[in-house]
Structure formats: C-alpha cells, structure tokens
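Below, each chain spelled out in residue letters.
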Amino acid sequence: MKATDIFGIGSPLIDIFIEVEEAVILSMGIKKSNLNLVDEKKSLKILSAFHTQKIKATSGDSTANTMSGAAGLSLSTAFLGKTGTDKYADMFISDLEKKGIVSKVVKHSTLPTGTALTLVTPDKERTFIVNLGAAAHLLPEDLKEDYIISSKIFHTTAYQLEDSNLKNTVVKASETAKKSSTLISIDLADPGLIARNLSFLKQFTKENADILFLNREEAEAFTGISDEQKAMQALKHYAGIVCLKLGPEGSLISEKGHIHKIKPYRVDAKDTTGAGDIYAAAILYGIIKGISMQRSGELASLAASKIVCQVGGRLNCSLLEHQDIKEILTSGLP
C-alpha cells in the first residue's frame, strides 16, 4: 500500500459551539477550561438548556484537527476512529474526505456518534462537555496496522489514554509503531485528564513518545512544576522533542536537550479551538520534511495564529493558501 506521512487515532466527535458567560459554567458544576466527560442523558440535558441560543455544529476531535492541518500542508494523512451510523457519522467522514484525509473510520451499529459541547467564554477559553458515544468503543481489533507500519508518524492524544478500550487500542498501535520504526507523537491534551492518569501517562510517554505536545497547564499537571524553564528540563526526559505551548507568549521546544524559544504572532483572537492541533500539524510537517526545529516552531506559531482568528477547530482553507505561510516555507530552509 502507499506510504502515509501521518496516521492518527482519535475520537470522532461533532463539536457544538456556544458562547456563554463564565457564571453559566459555574452554575452547572463543571470545571471551566477542562474536559468534562458525561453520558448521553446528561449531554442532552445540558444542550437543552441552550435551545434558544444560536449554535454551530462542526466535525471535531483533536487528532482529526491535526490531520486536517497536516493535509492542508500537502502531507498524506489517515484517520481511525469509531462513529455511529447516524447523520453525524456521515458528516464527520465527509469532512475528512473533503480535506483529503483517508478515512479508516469504523461504525458501531447501535451507539450514536460522540458529541463535544464546547462552551466559549468571553476570555476565549473553552470548556468541553463530552459524550464519547461510539468513539469509546474503538477496539484493538479495529486497528489498521498496515497504515501504522507504512506511516512516518503515528499521532494520538491523551484523550485516547483514559477509557480502557481506547487505551488498549493505542497501546497496541504504539507497539506496532515501535516495531516498524514509525515515530510516535502524543499530545497530552488536558490537565484534568493528566491528573487522573498521571502515573500511567508518565510511564507511557517515557516508553513510547518521540514527540510530545502540551501547554502550560498540562506541563504543570504532568511535572508538578509551574516554572516553564524548569518544567522543560524535567520534560526533556520523556521525549526527544517536547513542545510546550504558551499561548500568546509563543512556545518552547526542547530538541535533544536544546531549547528553542518560538515567538508568538499576535492577532485578535476569536476562538482558541484547534490552535494546539494545527500547531502540532506544523511541527510534524517540519519533522517529516527535515526542516530545522526553530523554523518548524515558527511555522507552527504562525499556523496557530491563523486558526484563532476564526471560530472552529479547522481552518476554512488550506494553510498553503496563506502568503506568509508560503514565505516562511521558502525563506532559507531549513
């Protein structure tokens, strides 16, 4: 079969975006800026509370967003996850294919496609209320091991390392990747999730991760260290490349112990959804193309600045349609 640049495993979800005041989130008894897992009944109850508000539904999932960003940089990508057999499943698969991502999605015969209610507060922070639905039932036997073996990078997130079914699937995928010398890329995803699974995540990343992505809050949850420079010194023992995202302050990237400081591109942000995902896509692009880590970080920072200017986790157009992206890719590489 044809080689693939990046193979991703994620949880196919439909993102439902609603703008709310912080007091609304607090009144629900859920944690702001965190991932809150709920069952289908509670998800529908919370959603019904916003029935009079304007909502926007789009295809989501962190891994799928990263595959979309990578496809927008002309990389070949494939995505594996599990949906239901409903209209949301058709929407998710269609959106993958429109972006040029090879869909290896499998369908559950009875469970619905998962949903992620994303509450966006005036400070542009996002609070997720997630019902995984069929996505939580991706099993090891659903793996497309030939795609992992033929890929340069296998990418997933810590969202896949909490539920037992998903964890077992990703563990098996990682074993296959290591045997085939496929690089393993992991985004640690959420501070609350890290806290709940700290011991396992530390062991798993140390044994498997070649590339690690996390933000300031996730780094503190993972290391127990609030100072970014000191946290980076601890994190470099978990992967050869560690990317610490600092939002409007840019990012830090550890490469074989050397720290690259990446400047931010300042814009008027509308929504930070997907910023970390497209950042990861650009870093993986740089690794595959042999671009220096400093330049890859600059590309990633610029890519993230593009997506926060719109609402939703995937760019409305290819990254290569932006002139400044083209310029950074052609100005004195690597």
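Residues numbered from 1 in each chain as written. Predicted model: local features only at pLDDT ≥ 70, side-chain atom pairs only at ≥ 80, totals over all residues. Heavy atoms only, no water.

**Student:** Which parts of the structure should I look at to understand the overall build of the protein?
**Tutor:** The secondary structure content of the protein amounts to 13 helices and 16 strands. Referenced to the eigenvectors of the C-alpha coordinate spread, the extents of the protein come out at roughly 50 × 45 × 40 Å. By the burial criterion, 54% of the 334 residues in the protein qualify as buried. At a minimum sequence separation of 6, the contacts of the protein that also span at least 24 residues come to 75%. (Helix = DSSP H or I, 4+ residues; strand = E, 2+ residues; numbered from the N terminus. Buried < 20%, exposed > 50% of the residue type's maximum accessible area, 1.4 Å probe, protein only. Contact = heavy atoms within 4.5 Å.)

**Student:** Which parts of the structure should I look at to understand unusual backbone geometry?
**Tutor:** Negative phi characterises most residues that are not glycine, and trans characterises most peptide bonds. A positive phi is found at Ser 33, a non-glycine position, where the angle reads about 70°. Structurally, the position occupied by Ser 33 is in the loop between helix H1 (22-27) and strand S3 (35-37). We classify Ser 33 as partly exposed; its relative accessible area is 26%.

**Student:** Looking at this structure, how should I read the packing of aromatic side chains?
**Tutor:** The geometry of an aromatic ring pair is captured by the separation of the ring centres together with the interplanar angle, meaning the angle of the planes. Considering all chains together, one arrives at six aromatic pairs under this definition. When the centroid spacing of 5.6 Å and the interplanar angle of 50° are considered together, the rings of Phe 79 and Phe 92 count as tilted. On the criterion of sequence distance, the pair formed by Phe 79 in strand S5 (residues 77-80) and Phe 92 in helix H4 (residues 87-98) is long-range, its members being 13 residues apart. Accessibility assignment for this pair places Phe 79 and Phe 92 in one class, buried. With centroids separated by 5.6 Å and ring planes inclined at 25°, the aromatic side chains of Phe 200 and Phe 204 adopt a geometry described as stacked. Of this pair, Phe 200 and Phe 204 both sit in helix H8 (residues 198-208), four residues apart, which is roughly one turn of that helix. Exposure remark for Phe 204: the relative accessible area of 5% places this residue in the buried category. (Phe/Tyr/Trp six-rings, centres within 6.5 Å; stacked < 30°, edge-to-face > 60°.)

**Student:** Could you clarify how one ought to interpret the pattern of salt bridges in this entry?
**Tutor:** As a working rule, side chains carrying opposite charge can pair if their charged atoms are close by. A complete count under the given rule lists 11 salt bridges for this structure. A salt bridge links Lys 32 to Asp 123; its shortest N-O distance comes to 2.9 Å. Within this pair, whereas Lys 32 is found in the loop between H1 and S3, its partner Asp 123 is found in the loop between strand S9 (113-120) and strand S10 (126-133), the two being separated by 91 residues in sequence. Judged by its relative accessible area of 42%, Asp 123 falls in the partly exposed class. The salt bridge involving Lys 245 is made with Asp 187; its shortest N-O contact spans 3.5 Å. Pair noted here: Lys 245 is in strand S14 (residues 241-245) and Asp 187 is in strand S12 (residues 183-187), with a separation of 58 residues, a long-range link. Taken together, the salt bridges that share partners define one network made up of Arg 216, Glu 228 and Glu 249. (Salt bridge = Lys/Arg side-chain N within 4 Å of Asp/Glu carboxyl O.)

**Student:** Teacher, can you tell me more about the sheet that holds S12 here?
**Tutor:** Two pairing modes exist for strands in a sheet, parallel and antiparallel, and in both the strands are linked by backbone hydrogen bonds. Spatial ordering of the open sheet is given by S7-S5-S1-S11-S12-S13-S14-S15-S16, a layout of nine strands whose pairing is mixed. Both outer strands of the open sheet, strand S7 (102-103) and strand S16 (258-262), are each paired with one neighbouring strand and no more. Relative to S14, strand S13 (residues 211-215) runs parallel, the two being bridged by five bridges. Residue pairing in the sheet places Asn 215 in a bridge with Lys 245 of S14. Along the sheet face, helix H12 (residues 293-307) touches S14, strand S15 (251-255) and S16 and points at about 35° away from the line of S16. (Pairing = 2+ DSSP bridges. Axes fitted to C-alpha atoms, helices over the stretch in contact; angles between N-to-C directions.)

Function-wise, these values are silent; they only describe arrangement.
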